[in-house]
Amino acid sequence: MSSREEILASIRKNTQVRYDKPDIADMKRLSYPDKIEQFCAISRAVGGMAVVLGEGEDVNAVIRRTYPEAMRIASVLPDISCATFNPDNLDDPKELDGTDVAVVKGETGVAENGAVWIPQTVKYKAVYFISEKLVILLDRNKIVDTMYDAYRELDGQEYKFGTFISGPSKTADIEQALVMGAHGAKDVLVILM
């Protein structure tokens, strides 16, 4: 018997109480009275920003007002007229280096943690991570309470790549020196449409 099998056999032999796997369908989960308000609050708490697009407000004006210094704005979305280039027209993802802002579409938002599910709808998924600032457009009616609910939304869908993004990229070393933007955008704005 291998050492792994010996260890598992010993655990089984010495386990006094066994618990049945809970039926998560019957478990009470978090539910927020105002998912949009919760999503916006958590987005701020994790270092990002979420705004609700006002009636008649132009999304391009919001992007330009928020990032007035941006010179290279990438988007494949037809309604984003402030974009200076379409990243799908590039021959090499290395050409995305130097992108100030990328504007992408999110599919599902999560009130519990401010995360947004972004399935790959662009040629190069690097655009989600290489841009200095990321703007995610999200239908305000597509915010669910919890990650459990988000995964249920994704159940059965086919996609090549997708990622949950919640606020800007952050990492810290053992000395607790926080670094922003090491693995993705330094700034994330979610615009709820």
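Reading the values: the criteria
Residues numbered from 1 in each chain as written. Predicted model: local features only at pLDDT ≥ 70, side-chain atom pairs only at ≥ 80, totals over all residues. Heavy atoms only, no water. Helix = DSSP H or I, 4+ residues; strand = E, 2+ residues; numbered from the N terminus. Rg over C-alpha atoms; globule rule 2.2 N^0.38 Å. Buried < 20%, exposed > 50% of the residue type's maximum accessible area, 1.4 Å probe, protein only. Contact = heavy atoms within 4.5 Å. Areas by Shrake-Rupley, 256 points an atom, 1.4 Å probe, with all protein chains shown as cover. Lys, Arg positive; Asp, Glu negative; His and termini not counted. Charge placed at Lys NZ, Arg CZ, Asp CG, Glu CD. Pairing = 2+ DSSP bridges. Axes fitted to C-alpha atoms, helices over the stretch in contact; angles between N-to-C directions. Salt bridge = Lys/Arg side-chain N within 4 Å of Asp/Glu carboxyl O.

**Section: the overall build of the protein chain**
Step number 1: Scanning the protein chain from terminus to terminus reveals 5 helices and 11 strands.
Step number 2: Rg of the C-alpha trace for the protein chain: 21 Å, well past the compact-globule value of 16 Å for 193 residues, more than 25% over.
Step number 3: Burial status across the protein chain gives 36% buried among its 193 residues.
Step number 4: When contacts within the protein chain are restricted to residue pairs at least 6 apart in sequence, long-range pairs at least 24 apart make up 70% of them.
Step number 5: Total accessible area on the protein chain stands at roughly 11900 Å², and carbon and sulfur atoms take up 51% of it.
Step number 6: Here the protein chain contributes 23 positively and 30 negatively charged side chains, and the mean placements of these two sets differ by 4 Å.

**Re the environment of F85**
Step number 1: With respect to the secondary-structure elements, F85 resides in the loop between strand 2 (73-75) and strand 3 (101-105).
Step number 2: The exposure class assigned to F85 is buried, which follows from its relative accessible area of 15%.
Step number 3: Taking the C-alpha atoms as reference, F85 lies 9.7 Å from T99; in sequence the two are 14 residues apart.
Step number 4: What F85 contacts, discounting residues up to four positions off in sequence, is R72, I73, A74, S75, L90, L96 and T99.

**Looking at the sheet that holds strand 5 (residues 116-119)**
The strands that make up a sheet pair up through hydrogen bonds in the backbone, lying either parallel or antiparallel.
Step number 1: With mixed pairing, the 4 strands of this open sheet are ordered in space as 7-4-5-8. Two strands bound the open sheet, and with one partner strand each, they are strand 7 (143-144) and strand 8 (162-165).
Step number 2: By the bridge criterion, 2 bridges tie strand 4 (residues 108-110) to strand 7 in an arrangement that is parallel. Paired with V110 across the strands is V144, a residue of strand 7.

**Overview of the environment of D149**
Step number 1: Turning to its location among the elements, D149 is positioned in helix 5 (residues 147-154).
Step number 2: Through-space distance from the C-alpha of D149 to that of D23 is 15 Å; in sequence the pair is 126 residues apart.
Step number 3: Contact partners of D149, with chain neighbours within four places excluded, come to R29 and V144.

**Some words on the sheet that holds strand 6 (residues 133-138)**
Step number 1: With respect to topology, 5 strands assemble into an open sheet ordered 1-11-6-3-2, the strand pairing being parallel. Strands at the two margins of the open sheet, each flanked by one partner only, are strand 1 (49-52) and strand 2. Recorded for the sheet is a direction-independent mean angle of 20° between the axes of neighbouring strands.
Step number 2: Along the sheet, helix 2 (residues 35-45) contacts strand 1, strand 6 and strand 11 (187-192); its crossing angle with strand 1, the most-contacted strand, is approximately 150°.
Step number 3: Packing against the sheet, helix 3 (residues 59-66) makes contact with strand 1, strand 2, strand 3, strand 6 and strand 11, and its axis sits at approximately 155° to strand 11.

**Notes on the pattern of salt bridges**
Step number 1: Following the criterion strictly, the structure yields 3 salt bridges and no others.
Step number 2: In this structure, R4 and E5 form a salt bridge, with 2.9 Å as the shortest nitrogen-oxygen distance.
Step number 3: On the basis of relative accessible area, E5 is assigned to the partly exposed category, the value being 33%.
Step number 4: Taking the shortest distance from any N to any O, the salt bridge between E132 and K186 comes out at 3.3 Å. One end of the pair, E132, is in the loop between helix 4 (127-130) and strand 6; the other, K186, is in the loop between strand 10 (178-180) and strand 11, and 54 residues separate them in sequence.

**Comments concerning the pairing of strand 5**
Step number 1: Side chains of strand 5 alternate between two faces, with V116 and I118 and W117 and P119 buried alike.
Step number 2: Where strand 4 meets strand 5, 2 bridges bridge the pair, whose relative direction is antiparallel. Directly across from G109, in strand 5, lies its bridge partner V116.
Step number 3: Here strand 4 folds back onto strand 5, and the loop between the two strands holds 5 residues, one of which, G114, carries a positive phi near 70°.
Step number 4: Judged from the 4 bridges that link them, strand 5 and strand 8 form a sheet pairing that is antiparallel. Its bridge partner being in strand 8, W117 is matched across the sheet by F164.

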